[in-house]
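Close look at the chain arrangement
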Amino acid sequence: MYACQLLAGIAISYGFKFFSSTNEVPLEILGLTSALLSGIMIITFFWWDIRRSGEPFYPEIGLQPSKIKKSKGLILVIAVLVSTHFLAWVYRSVILPDFGYEGIIGGGAKMFNFIQTNGGALEMFGFLLLALLVGPIMEEVVFRGYLQSSLAKKIPTWAAILITSIVFTVGHNPMILWPMYFLYSATWGWILVRTGSLKMAVLIHVLSNLFYAIVAFAGWDILA
């Protein structure tokens, strides 16, 4: 994952340098483009890996039907989504202001604000593609499908979720919002364990990002 991100970052940076008509490209656009490219690279590698390994490999990373009925799984996802976002709101909008940290937003929200103000339809389409499809699939495959599932074969499940969530969290910013990211990762990891299906983890990740996208478009200052 990190190798793909590094290669994509280098490729995009030099690509803009040699082919862009402007001398300077905003860092947010470079970040968006390189994140999209690296995400597509990782998903492509994932596709190649499961094709190479065959169907016996699918259950190893959660590519199987949910252990619980779809209707119950959907209710579970919605319940977890609502509860985690409520706790995130309490942390970001109630607790942090008491300590002098008001109006803190995450890296994704900062990128959205920049694109909404300075970008066009193409940049916004790229952001939504990253936030609602490429990003969730890539992160769930890497963190829940490969990392957590591999760790769970060697250590207790709770420890696998804990380690995976720590690794997931440190890849996001700002640090003041790490408790939120850890909460999300831990609950998504639990969703994988409870349902046995990586698709359910991807679903709740997509819905979470969709919620934030709606909040951003609506201009509601309720969550980061």
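Please read these numbers as outputs of a predicted model, since none were measured by experiment. (Residues numbered from 1 in each chain as written. Predicted model: local features only at pLDDT ≥ 70, side-chain atom pairs only at ≥ 80, totals over all residues. Heavy atoms only, no water.)

All right, on to the nonpolar core then. Of all hydrophobic cores here, the largest spans 23 residues; its most connected members are Leu177, Met180, Tyr184, Ile191 and Ile204. Mapped by element, the contributors of at least two residues to this core are helix H3 (70-98), helix H5 (121-152), helix H7 (178-195) and helix H8 (198-218). Apart from the residues within four sequence positions on either side, Tyr184 is in contact with Thr84, His85, Ala88 and Tyr212. (Core = buried A, V, L, I, M, F, W, Y, C linked by side-chain atoms within 4.5 Å. Buried < 20%, exposed > 50% of the residue type's maximum accessible area, 1.4 Å probe, protein only. Helix = DSSP H or I, 4+ residues; strand = E, 2+ residues; numbered from the N terminus. Contact = heavy atoms within 4.5 Å.)

With that out of the way, let us pick up the environment of Ser208. Residue position: Ser208 is located in helix H8. Accessibility expressed as a relative area gives 1% for Ser208, which makes it buried. The sequence separation of Ser208 and Gly135 amounts to 73 residues, and the corresponding C-alpha distance is 12 Å.

Here we come to helix H4 (residues 107-118). A rise of 1.5 Å per residue sets the reference length of H4, with its 12 residues, at 16 Å; its end C-alpha atoms lie 16 Å apart and thus fit the reference within 8%. Turning to H4, its buried residues are Met111, Phe112 and Ile115. Projection of H4 onto a plane perpendicular to its axis shows the buried side chains occupying an angular sector of 100 degrees, all on one side. For H4, the exposed residues lying more than 90 degrees away from the buried face are Thr117 and Asn118. Turning to H4, the residues buried within the fold contact helix H2 (27-53), H5 and H8. (Expected span 1.5 Å × (residues − 1). Arc of directions from axis to C-beta.)

Our next topic: the side chain of Glu139. If you trace the backbone, Glu139 turns up in helix H5. Although buried, Glu139 forms no salt bridge, and the nearest oppositely charged side chain, Arg144, lies 5.9 Å from it. (Lys, Arg positive; Asp, Glu negative; His and termini not counted. Salt bridge = Lys/Arg side-chain N within 4 Å of Asp/Glu carboxyl O.)

Let us now look at the pattern of salt bridges. Considering all chains together, one arrives at three salt bridges under this definition. As a salt-bridge pair, Arg52 and Asp49 come within 2.5 Å of each other at their nearest N and O atoms. Remark: Asp49 and Arg52 occur in helix H2; sequence separation between them is three residues, near one turn of the helix. In this structure Asp49 comes out as buried when scored by relative accessible area, which is 6%. Ionic pairing is found between Lys153 and Glu60, a salt bridge with its closest N-O pair at 3.1 Å. Here the residue Lys153 occupies a position in the loop between H5 and helix H6 (157-170), and Glu60 occupies one in the loop between H2 and H3, the gap between them amounting to 93 residues.

The step from Asn173 to Pro174 runs through a cis peptide bond, and the omega angle for that step is 0 degrees. For Pro174, the location among the structural elements is in the loop between H6 and H7.

For the pair H3 and H7, interaxial distance at closest approach is 10 Å and the crossing angle is 165 degrees. Classified by the interaxial angle, the pair formed by H3 and H7 is roughly antiparallel. Between H3 and H7 the crossing geometry is right-handed. In this structure, H3 uses Leu76, Val80, Thr84, His85, Leu87, Ala88, Tyr91 and Arg92 to contact H7, whose residues at the interface are Pro179, Met180, Leu183, Tyr184, Thr187, Trp190, Ile191, Arg194 and Thr195. Split into classes, the residues belonging to the contact of H3 with H7 amount to 11 nonpolar, four polar and two charged. (Axes fitted to C-alpha atoms, helices over the stretch in contact; angles between N-to-C directions. Parallel < 35°, antiparallel > 145°, perpendicular 65-115°, else oblique. Left-handed = near helix turned anticlockwise from the far one by under 90°. Nonpolar A, V, L, I, M, F, W, Y, C, P; charged D, E, K, R; others polar.)

Looking now at the environment of Glu139. Overall, the relative accessible area of 16% leaves Glu139 in the buried class. When the C-alpha positions of Glu139 and Ile43 are compared, they lie 9.5 Å apart, and in sequence the two are 96 residues distant. Only 3.4 Å separates the side chain of Glu139 from the side chain of His172, close enough to count as a polar contact. (Polar contact = N/O pair within 3.5 Å; in protein donor to acceptor, adjacent residues only side chain to side chain.)

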